[in-house]
Structures are given as C-alpha cells and as structure tokens.
Amino acid sequence: EPEVTQTPSHQVTQMGQEVILRCVPISNHLYFYWYRQILGQKVEFLVSFYNNEISEKSEIFDDQFSVERPDGSNFTLKIRSTKLEDSAMYFCASERVGGIGYGYTFGSGTRLTVV
Amino acid sequence: DQQVKQNSPSLSVQEGRISILNCDYTNSMFDYFLWYKKYPAEGPTFLISISSIKDKNEDGRFTVFLNKSAKHLSLHIVPSQPGDSAVYFCAAREMFSGGYNKLIFGAGTRLAVHP
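Residues numbered from 1 in each chain as written. Chains lettered and ligands numbered in written order. Predicted model: local features only at pLDDT ≥ 70, side-chain atom pairs only at ≥ 80, totals over all residues. Heavy atoms only, no water.

## Here we look at the packing of aromatic side chains
Aromatic ring pairs are described here by two measures, namely the spacing of the ring centres and the angle between the planes. Under the counting rule described, the total for this entry stands at 20 aromatic pairs over all chains. Taking 6.1 Å as the distance between ring centres and 75° as the angle between the ring planes, the aromatic pair formed by Phe106(A) and Phe105(B) counts as edge-to-face. In this pair, Phe106(A) is assigned in strand S10 (residues 104–106) and Phe105(B) in strand S10 (residues 101–105), connecting two distinct chains. Of the two residues examined, Phe106(A) and Phe105(B), each falls in the buried class. Through a chain of ring-to-ring contacts, three or more aromatic side chains come together here, namely Tyr33(A), Tyr35(A), Phe45(A), Tyr102(A), Tyr104(A), Phe106(A), Tyr36(B), Phe46(B), Phe89(B) and Phe105(B). (Phe/Tyr/Trp six-rings, centres within 6.5 Å; stacked < 30°, edge-to-face > 60°. Helix = DSSP H or I, 4+ residues; strand = E, 2+ residues; numbered from the N terminus. Buried < 20%, exposed > 50% of the residue type's maximum accessible area, 1.4 Å probe, protein only.)

Okay, structure coming up:
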C-alpha cells in the first residue's frame, strides 16, 4: 500500500536554528499538506500546496515557514528561525484528485523538539 | 475558534461492548465529516466518513451518525476490541474551489478498550 514517508522521525534543534522537514508524498497525488499537533492538542492545518504554489495557509504559517517541492517528489517544510513553541509533531499529507477519505494519506510525522 | 469539538478527552469501554465517540461542530459550511484513528508515533489513519447529505454510514463494526440540525456526529464501534484502543479524531472538510481539502480536527478522544 502506498505510503507518505516523512524524515526524520525526530529532530532536536536549538532555538533560532533553521530546520527542514522532509516528506515524500504518494506518487500520483496532486495536493500536499502540512499539519501539526502540539502535544496533547488537536491536529492543526498549516498549509496546502498544489501545482507548485501555496493554495492556502493558516495564521500559524507566518513568514518563518516556507514550503517547496524542489524536485517533483520531495515536499519540504522549512522553519527559518525556530521558536520553543514550534515544538510539535508535524504531519505531511498528500491527496489524489477527489481523494478525501482513503485518498488523503498522512505520514507518520516528524517530532520537532526546540530547546 | 473551535469549529470541531470533541468534549470527551477519554473513554473506557469493556471489550465486546459498544463505544460511542461524540463530536460537535459549529460551521454550517462543512459538507463532509471524517473519523481518523491515531496510534502513538503514527499519523492519523482514515476510518470512516459521511457526507452532509446523509445521516448514517456503516462500514463493518464502525457506524457514523450525523444529526445536521444538532450539528452533531457520533462514531459507534460494535463490538469494541482491544485493538481499537487509540486516539480518535473527528474532522470536518472545507472544500475550496481549487479542489483541495482542508481538514479541521477536533481535539481527539482517547479510547481504551479493556478485556
């Protein structure tokens, strides 16, 4: 069964450092997303990406965040200058056209710890 | 701004009995609702969904009920099994003209099924 793959599974970084979280979406999917979950809280939408541009971003997704799909397969989330409050699980998701439900697949997440 | 609410953070059920997980929403524009199951260190996994034009959808042991007038949905698991122990997230879909699907999640309910 196709999977969304995220690396690394856990990243520890110092406050103020840049981090890049990587995702390999399912190959025939066209829509890509990042969500995050602060420990014990709900999963929150960060950004959606389609046709090499951002479709929508949330209030959380400020100027410190960026996404790109550099090579047609990877989908990355960059945080330029991490803050303590960026500590969370970050989930990548990809979706095929009309794929809501089984066609909308989440990765296992990257646990980001900012110290 | 909690558009999707799961008011019970936890639920404990005996094996073989029914588990009922509840979810309320406030946004009348949501047209599709989903339940996700999440194990520790994994991403959310799609379980079952329901369109806003229906009031019930069944898939094996899982049934979702939607009461639009009350803006309430519930997930029934019958019979409950120990392997069902996980965090269950209710989510609602906002669909946009660009074709992408933004999911709004509740805070989750931790279900424990004990022998």
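## Some details on the state of the cysteines
In total, this model carries 2 disulfides over all chains according to the counting rule given. Covalently, Cys23(A) is tied to Cys92(A) through a disulfide, its sulfur atoms 2.0 Å apart. In this structure the cystine formed by Cys23(A) and Cys92(A) twists about its S-S bond by roughly -65°; its chirality is therefore left-handed. Here Cys23(A) is found in strand S3 (residues 19–24), whereas its partner Cys92(A) is found in strand S9 (residues 88–95), with 69 residues between them in sequence. Judged by relative accessible area, which is 1%, Cys23(A) ranks as buried. Paired by a disulfide, Cys23(B) and Cys90(B) hold their sulfur atoms 2.0 Å apart. Between Cys23(B) and Cys90(B), the disulfide has an S-S torsion of -75° and is therefore left-handed. In this pair, Cys23(B) sits in strand S3 (residues 19–25) while Cys90(B) sits in strand S9 (residues 86–95), placing the two residues 67 residues apart along the sequence. As far as burial versus exposure is concerned, Cys23(B) and Cys90(B) are alike and both buried. (Disulfide = S-S within 2.5 Å.)

## Quick notes on the pattern of salt bridges
Residue and element names in this part refer to chain B. Taken as a whole and assessed by the stated rule, the structure comprises 5 salt bridges over all chains. Glu58 serves as the salt-bridge partner of Lys56, at 4.0 Å between the closest nitrogen and oxygen. Residue Lys56 is classed as partly exposed on the basis of its relative accessible area of 43%. (Salt bridge = Lys/Arg side-chain N within 4 Å of Asp/Glu carboxyl O.)

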